[in-house]
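Working through the structure, step by step
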Amino acid sequence: MAVISELIRSEADGTISFGDYTLSDKKKLDNYKHEGDLYKVKTFADITKLERNGMFVYESVPGTAVANFNCTSEQVSFTVEGKEDAMVTLELEPETDYEITVDGANAGQMKTNVGGKLNISVELDPGVAVNVTVKRV
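Below or above, wherever it landed, is the structure these notes cover.

**Some remarks on the overall build of the protein**
Of regular secondary structure, the protein possesses 0 helices and 13 strands. Computed over its C-alpha atoms, the radius of gyration of the protein comes to 14 Å, within 12% of the 14 Å expected for a compact globule of 137 residues. Seen along its three principal axes, the alpha-carbon backbone of the protein occupies a region of about 35 × 35 × 30 Å. Taken across its 137 residues, the protein has 42% of its residues classed as buried. Between the mean site of the 14 positive side-chain charges and the mean site of the 23 negative ones, the protein shows a separation of 7 Å.

As structure tokens, this is what we get:
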């Protein structure tokens, strides 16, 4: 997997890919249309952030590249790559339990806070993509 040079793109399987952690200056793309929704992405070395229809969806610190991001009412799945370990925050259902899987290994269950935020620490090696799945229990 590589950085997303166009900042965000639609994939043939209906998912989206976004982010470029190699940028030294912040870049953003607003009003990207995908399956009836409008997306906004901001990305560079320090942070990658995705919004859908003006609402928070994904954030990583430091910045990452995300491929095949798919979000349903039951699960969020994606592949993430970065230059170093990242803290990923997702917006999900408030006060709900989720099962976390990182690169095929069960990372346990977590409950979102009252705002629906879920924080996941992902260990990353440069140039190596990691699969993440967050499934409602």
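We are not done yet, so read on.
**Let's talk about unusual backbone geometry**
Cis geometry marks the peptide bond from V61 to P62, where omega comes out at -5°. Backbone geometry places N68, a non-glycine residue, at a positive phi of 50°. Structurally, N68 can be placed in strand β7 (residues 65–71). The exposure class assigned to N68 is partly exposed, which follows from its relative accessible area of 31%.

**Points about the packing of aromatic side chains**
For any pair of aromatic rings, geometry is given as the distance between the ring centres together with the angle between the planes. Tallied over the entire structure, the rule returns 5 aromatic pairs. On the numbers, 5.7 Å between centres and 85° between planes, the contact of Y58 with F78 is edge-to-face. Note that Y58 is positioned in strand β6 (residues 55–61) and F78 in strand β8 (residues 75–81), a separation of 20 residues in sequence. Given the relative accessible area of 0%, Y58 is considered buried. With a relative accessible area of 3%, F78 lands in the buried category. By way of ring pairs, the aromatic residues F18, Y58, F69 and F78 are connected into one cluster. The ring of F56 carries the charged tip of K117 above its face, separated from the ring centre by 4.7 Å.

**Section: the environment of E99**
Within the secondary structure, E99 sits in strand β10 (residues 97–102). Taking the C-alpha atoms as reference points, E99 and G127, 28 residues apart in sequence, are found 26 Å from one another. The residues contacting E99, other than those within four sequence positions of it, are N106, G108, Q109, T133, V134, K135 and V137. A distance of 3.4 Å separates the side chain of E99 from the side chain of Q109, its partner in a polar contact.

Calculation rules
Residues numbered from 1 in each chain as written. Predicted model: local features only at pLDDT ≥ 70, side-chain atom pairs only at ≥ 80, totals over all residues. Heavy atoms only, no water. Helix = DSSP H or I, 4+ residues; strand = E, 2+ residues; numbered from the N terminus. Rg over C-alpha atoms; globule rule 2.2 N^0.38 Å. Buried < 20%, exposed > 50% of the residue type's maximum accessible area, 1.4 Å probe, protein only. Lys, Arg positive; Asp, Glu negative; His and termini not counted. Charge placed at Lys NZ, Arg CZ, Asp CG, Glu CD. Phe/Tyr/Trp six-rings, centres within 6.5 Å; stacked < 30°, edge-to-face > 60°. Lys NZ or Arg CZ within 6 Å of the ring centre and 35° of its normal. Contact = heavy atoms within 4.5 Å. Polar contact = N/O pair within 3.5 Å; in protein donor to acceptor, adjacent residues only side chain to side chain.

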